[in-house]
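Overview (structure and organization)
One-letter residues, chain by chain:
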Amino acid sequence: MEGSPFFSFDSAFMPHGHCYYWEPFILWSQAITNSIIALAYFAIPISLVQIVRRRNDFRYTWMLVLFAIFILGCGATHVMDVINIWTPFYYTDVIIRMITALASIGTAIIFILITPKLILIPSAEKWKAVNLELSNYTNNLENEVELRTAELTENIATMNFLTDTIPQMVWTANKNGELDYYNKNWYAYTGLSEKESMAYGWQTVIHPDEKQALTERWNYSVKTSENFQFEFRIKNARDGSYRWHLGRAHPMRDENNEVLKWFGTATDIHDQKEKSDEVRKVNKELDQFIYTASHDLKAPVANLEGLMQLVEQRCDKENQEENRTLYAMMNKQVNRLKLIIHDLSDVGQIKKASRDDFENVNLRTMVNDFVQSNVDKIDESETSIQLDLNEEVIYFSPQHLQIILFNLLDNAIKYTKYANKSQIKVTTAIDDGYWVMKVEDNGIGINEEHQLKIFDMFQRFSHHKDGTGMGLYIVKTTVEKYKGCVSVESEAGQGSTFIVSLPAPLLKAENQYKNNGK
């Protein structure tokens, strides 16, 4: 290295030993202490390397690298102090000190900037306190989990006990419609195992005639989140027979109205179903009787009218006035008999009618038709009809809506108070999925004890007006044909309000009706 300006130790420089007069104590003290300091400096970067290797989460690696360069430079300057005692490598010493100076300035700046962040790092004591607090919290949480788990286990046991003691089959399903729980009644009745029953395993014990319709109805409820209801037969494992059950299910929703789970039951209605079939059979026979009676009575009544006219023509003039009175009384009874036959015929036609004649019916137009058809009656009673139609159009049978409306309006006019003008108000609205029509009058009203009977056949509780006692029965029969209901709110002397409720829209109700196999 001789001749190089950075590694020169010619006569231009003299080693530091001359400055010490080569005094052994001072010379060796300087050499040994600087060597020890250099070793200490060189050991620090090794520790920093170990920190970086073991602590992957340390965020200030670049700072440690800069600090390591500074420390190595410091150690190198002490090594040069030892070398320069005997060999004057001053150029090299200067370069190392310059590098060390630059590294020290960068390290100092970085430490000034990062010190506030380092101060925020918790101390070991704080970490111990945090760990202790966290440990206590974890223990409390574990105790709370154990307590909640015990409560949940108790609640599940309570629910299982409750569902197992009621006579219905109880089941639950996830939001996708896959069944995931049954009570003991299901397994005892069907003979299926838990594995066989889960998801869609229930389909294996459903009567073939209802299986497809039931599956479609259940899938529809799951898709639309609508309440489920359907009648179907389930196979009894004991004797292989099928019994009718009514299935119902409601969805449980979260705060966002999303379905979390379904809860359902299946109730045995086999005995009621058979009784209903018997009642339907009796009703069918009664309908046939009404139709036959009304049809067969028309001819004798017509003949009776003809005979009465013939008797009137042959009556002697001496008793003409008396005969006319008798004839008027007989004619009144014949006309009443004709009305009864007409009403009986209407009942038969209503029960046999199909739903193929549905169309959009305007109620305002139908009220106007009633007014035009009953001008004399309306003028005589000085009737005024007020309309408040929020739902003016309904998809319904025009013939049957006319039967309902005309009978109610005719009743309102017929049973007005003697001293009052007849005031009628007709309102319509949609309420909870039903099309609701109210016909309100200011008539004589109905006593409370009679209100439950006025919709029965041949029931009349006011005899100052002619009638057959069939009008409100016909209204009730027509409304119930379409799964609706009719009721009355009344007080004697204060008028009456008749309320007709029909599923709305009826087209949707009809589709559900058909899907349910009724």
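Our subject in this report is the structure included herewith. (Residues numbered from 1 in each chain as written. Predicted model: local features only at pLDDT ≥ 70, side-chain atom pairs only at ≥ 80, totals over all residues. Heavy atoms only, no water.)

**What to know about empty space enclosed by the protein**
- Here the structure, examined in full by the defined rule, presents one cavity of 30 Å³ or more.
- Of the voids in this model, the largest cavity is the one considered here, and its volume is about 170 Å³.
- What lines the largest cavity is a set of 14 residues, among which Trp171, Leu179, Trp202, Leu214 and Phe232 lie closest to the centre.
- Counting residues per element, the lining of the largest cavity draws most heavily on strand S3 (residues 228-235), at three residues. (1 Å grid on protein atoms, 1.4 Å probe; cavity = no way out; pocket = protein on both sides within 12 Å on 5 of 7 lines; lining within 4 Å. Points joined across faces, edges and corners; volume = space filled by probe spheres on them. Helix = DSSP H or I, 4+ residues; strand = E, 2+ residues; numbered from the N terminus.)

**Things to note about the packing of aromatic side chains**
- Summed over all chains, the structure comprises 12 aromatic pairs.
- With 6.2 Å between their ring centres and 40 degrees between their planes, Tyr200 and Trp202 make a pair best called tilted.
- With a relative accessible area of 7%, Trp202 lands in the buried category.
- With 4.7 Å between their ring centres and 65 degrees between their planes, Phe396 and Tyr482 make a pair best called edge-to-face. (Phe/Tyr/Trp six-rings, centres within 6.5 Å; stacked < 30°, edge-to-face > 60°. Buried < 20%, exposed > 50% of the residue type's maximum accessible area, 1.4 Å probe, protein only.)

**Focus: the side chain of Asp410**
- For Asp410, the position within the fold is in helix H12 (residues 398-414).
- In this structure Asp410 touches Phe370 and Lys377, once residues within four positions along its chain are discounted. (Contact = heavy atoms within 4.5 Å.)

**Considering the sheet that holds strand S10 (residues 434-441)**
- Here five strands make up an open sheet; going across it, the order is S7-S9-S10-S12-S11 and the pairing mixed. Because the sheet does not close on itself, it has two edges, and the strands there are strand S7 (384-389) and strand S11 (485-490). When strand polarity is set aside, the average angle formed by the axes of neighbouring strands in this sheet is 15 degrees.
- Summarising the sheet, strand S9 (residues 423-431) and S10 pair through eight bridges and their orientation is antiparallel. Among the inter-strand pairings, Thr428 is bridged to a residue of S10, identified as Met437. (Pairing = 2+ DSSP bridges. Axes fitted to C-alpha atoms, helices over the stretch in contact; angles between N-to-C directions.)

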